[in-house]
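# Coordinate inspection notes
Spelled out, the chains give:
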Amino acid sequence: MLQQRHIDIIKSLVPLLSETGPALTAHFYERLFFHQPELKHIFNMSNQASGRQKAALFEAIAAYAQHIDNVGALKSAVERIAHKHTSFNIQPEMYQIVGHHLTETLRELTGELFTAEVEEAWTAAYDFLASVFIQREGELYESRAKSQGGWRDSRPFVVSEKIKESELVTSFVLTPQDGNDVIGYAPGQYLGISVSPSNYDFTEIRQYSLSNKPNGQNYRISVKREKGEPDGLVSNYLHDEINCGDTLNVFAPAGDFFFQDKQSPVVLISAGVGVTPMQSMFEYLSAVNYNEDVFYLHACSTNKQHSFKQRTNELATLNNWQTYTWYESQEMQTDNSANSFSGLMNLDKVNLPFSLGNFYLCGPVAFMRFVKNQLLDMGVAAERIHYEVFGPHAEL
């Protein structure tokens, strides 16, 4: 049980954790995979190679230590991580394994500083946080399993359509192999899929945003072809080797980033493949005849890389909504309409509901930081800016 003396000890460790830095999580993952190589079938090894997961875990540990006396401050982080864990099908027993290797990592890195009292406090703190995640993830698993069209663990889906949306993005329509219904989802959420790429030793699990409105019958994900390995391992496998009739193992929809109906104007802002959750929201808002103004802003490198362009224009025309596009340079801007621009996205060029709207962002982290700073300068309250990071989380 977590006691005040444990809290005091953990908070006293914050400077030490900060000094140790991401070396702590790098050592942890090296140790974990040496002793538990089977976990390479669960963890995203591309994010391991890039270092993004190591940095994200360190930030999470440091934040927990800092806020251990007010875990409520971490509520949004817990929700985000719990959703991501369910898309990997993380089970309670895995927390014991991770906890053991985190404890041993601290022992090995801090030496004599890791006293019996510190170990007791760390164990109590970890067990408390693990119980929070296990409870929330259990609620998510249970809720999905009991819902119409829901399921536990993975479920086989057949690729019923494969559609090229642009130069780099291809959509895959996934229909359940058993022919039964599928659970609904909130526009903006993602699917976890499990694949075994050719000539690769491990199963890989990836999350891809759903790019259509819920229909109860199938799902659509839209995948960008990434360059090279490790980032492009799964995306290139899907593009090159998965075709109609093939089967993928799919986990139920998850994600804490989704459209929230606040009866206010909606502004959808994306760059590159960040367009996928925005397309889902756009399709949904049109289907329900949303009675507030909707604005759709997108940035991409070239016209050939502009995914869903025709469909977006159709929906905008149907609903009298506004769309704006930025291409990387003037040479790449083949659309010379008044709503098409070259260069970086500049919100000064458009008349948006800065004082009333809710703003949804998705794209590269640098792009979202750039846009968020513009929105804040325009007077948009931070709580009306919602965003999704593909991969390990990062603060904007």
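Here the structure is a predicted model, which is why all the values come from computation and not from measurement.

Okay, the overall build of the protein next. For the protein, the count of helices and strands is 12 helices and 12 strands. What you see for the protein is a C-alpha radius of gyration of 22 Å, in line with the 21 Å of a compact globule of 396 residues. The principal-axis extents of the C-alpha atoms in the protein amount to approximately 70 × 50 × 40 Å. Looking at the protein residue by residue over its 396 residues, the buried ones come to 51%. When contacts within the protein are restricted to residue pairs at least 6 apart in sequence, long-range pairs at least 24 apart make up 73% of them. For the protein, the computed accessible surface area is about 18,200 Å², with 50% contributed by carbon and sulfur atoms. Averaging the locations of the 31 positively and 46 negatively charged side chains of the protein gives two centres separated by 4 Å.

Here strand β4 (residues 204-209) lies mainly inside the structure; five of its six residues are buried. When strand β3 (residues 190-195) meets β4, the two strands line up antiparallel, connected through six bridges. What sits directly across from Leu191, in β4, is Tyr208.

In this fold, Glu165 is placed in the loop between β1 (155-164) and β2 (169-176). Despite being buried, Glu165 has no salt bridge partner; Arg220 is the closest side chain of opposite charge, sitting 4.3 Å away. If sequence neighbours within four positions are ignored, Glu165 has contacts with Thr170, Ser171, Arg220, His306, Ser307 and Phe308.

Spatially, six strands are ordered β4-β3-β6-β1-β2-β5 in an open sheet, and the strand pairing comes out antiparallel. Looking at the sheet topology across the chains shown, the edges are occupied by β4 and β5 (219-224). On average, each strand axis in the sheet is inclined to that of its neighbour by 40°, with strand direction left out of account. The pairing of β1 with β2 spans seven bridges and is classified as antiparallel. Paired with Ile163 across the bridge in β2 is Ser171.

With that settled, the discussion passes to empty space enclosed by the protein. Within this structure, the stated rule accounts for two cavities of 30 Å³ or more. Taken as a whole, the largest cavity holds about 90 Å³ of empty space. For the largest cavity, the full set of lining residues is Leu13, Leu16, Leu17, Thr20, Leu24, Leu106, Thr110, Leu113, Phe114, Val118 and Trp122. Those elements that provide at least two residues to the lining of the largest cavity are α2 (14-20), α7 (92-110) and α8 (116-146). When residues of the lining of the largest cavity are assigned to their parent elements, the largest contribution, three residues, is made by α2. In terms of residue class, the lining of the largest cavity is built from nine nonpolar, two polar and no charged.

By the criterion of burial, strand β6 (residues 247-254) is predominantly enclosed, with six of the eight residues buried. Here β1 runs beside β6; their pairing, made up of four bridges, is antiparallel. Bridge pairing links Arg155 to Val250 in β6. When β3 meets β6, the two strands line up antiparallel, connected through four bridges.

Here we take up helix α10 (residues 275-287). For α10, spanning 13 residues, the distance from its first C-alpha to its last is 18 Å, which sits close to the expected 18 Å at 1.5 Å a residue. The buried fraction of α10 is high, at 11 of 13 residues. Residues Val275, Thr276, Pro277, Met278, Gln279, Ser280, Met281, Phe282, Glu283, Leu285 and Ser286 constitute the buried set of α10. Just beyond α10, the residue with positive phi is Asn289, at close to 55°.

Let's shift gears to the sheet that holds strand β8 (residues 294-300). Spatially, six strands are ordered β10-β9-β8-β7-β11-β12 in an open sheet, and the strand pairing comes out parallel. Lying at the two open borders of the sheet, with one neighbouring strand each, are β10 (340-342) and β12 (385-388). Ignoring which end each strand starts from, the neighbouring axes of this sheet average 15° apart. Of the strand pairs in this sheet, β8 and strand β9 (residues 322-327) are connected by six bridges, and their pairing is parallel.

Counted according to the given criterion, the structure contains 15 aromatic pairs. Pairwise contacts between aromatic rings join Phe257, Phe259, Tyr284, Tyr290 and Tyr360 into one cluster.

So, about helix α3 (residues 23-35). Here α3 spans 18 Å end to end across 13 residues, near enough to the 18 Å set by a 1.5 Å rise per residue. Here α3 has its buried residues at Leu24, Thr25, Phe28, Tyr29, Arg31, Leu32 and Phe33.

Let us now look at unusual backbone geometry. Even without glycine at this site, Asn89 takes up a positive phi of about 60°. Tracing the chain through its elements places Asn89 in the loop between α6 (75-87) and α7. Although it is not a glycine, Asn320 sits at a positive phi angle of roughly 60°. Turning to its location among the elements, Asn320 is positioned in the loop between α11 (309-319) and β9.

With respect to the element layout, Ser166 can be found in the loop between β1 and β2. Of the polar contacts made by the side chain of Ser166, one reaches the side chain of Ser307; its length is 2.8 Å. Setting aside residues no more than four positions away along its own chain, Ser166 makes contact with Lys304, Gln305, His306 and Ser307.

Definitions and limits used
- Counting restarts for each chain, with residues numbered from 1 along the sequence as it is written.
- pLDDT decides what is reported in this predicted model: residues at 70 or higher carry local features, side-chain atom pairs at 80 or more are listed and counted, and totals for whole chains, interfaces and linings draw on all residues regardless.
- Side-chain measures were taken over the full set of non-hydrogen atoms in the model, leaving aside hydrogen atoms and water.
- Strands here are runs of E lasting at least two residues and helices are runs of H or I lasting at least four, both read from the DSSP assignment and numbered beginning at the N terminus.
- The globule rule used for comparison is 2.2 Å times the number of residues to the exponent 0.38, while the radius of gyration itself is calculated over C-alpha atoms.
- To sort residues, take the accessible area from a 1.4 Å probe on protein chains only and compare it with the maximum for the residue type: under 20% means buried, over 50% means exposed, and anything in between is partly exposed.
- When checking whether two residues touch, look at their non-hydrogen atoms; a contact exists if any pair is within 4.5 Å.
- Per-residue and other accessible areas were derived by the Shrake-Rupley procedure at a 1.4 Å probe size, with only the shown protein chains allowed to occlude residues.
- When charges are counted, neither His nor the chain ends are considered; positive counts come from Lys and Arg and negative counts from Asp and Glu.
- Charge placement uses NZ in Lys and CZ in Arg. For Asp and Glu, CG and CD serve respectively.
- Strand pairing follows a simple DSSP-based rule, namely that at least 2 bridges must link the two strands.
- Any carboxyl oxygen of Asp or Glu within 4 Å of a side-chain nitrogen of Lys or Arg constitutes a salt bridge here.
- Here, axes are lines fitted to C-alpha atoms. For helices the fit covers the stretch in contact, and angles between N-to-C directions go from 0 to 180 degrees.
- Cavity and pocket criteria rest on a 1 Å grid covering protein atoms alone: a 1.4 Å probe that fits but cannot get out defines a cavity, protein on both sides within 12 Å along at least 5 of 7 lines defines an open pocket, and an atom within 4 Å of a point defines a lining residue.
- Grid points are joined across faces, edges and corners, and a volume is the space filled by probe spheres set on the points.
- Residues are grouped as follows: Ala, Val, Leu, Ile, Met, Phe, Trp, Tyr, Cys and Pro are nonpolar; Asp, Glu, Lys and Arg are charged; all remaining types, including Gly, are polar.
- Multiplying 1.5 Å by the helix residue count minus one yields the expected span of that helix.
- Each pair of aromatic rings taken from Phe, Tyr and Trp, with Trp reduced to its six-membered ring, is defined by centres within 6.5 Å and is described as stacked if the planes are under 30 degrees apart, edge-to-face if over 60, and tilted in the remaining cases.
- For this analysis, a polar contact is any N or O atom pair within 3.5 Å, provided that within protein one partner can donate a hydrogen and the other can accept it, and provided that sequence-adjacent residues contribute only side-chain to side-chain pairs.

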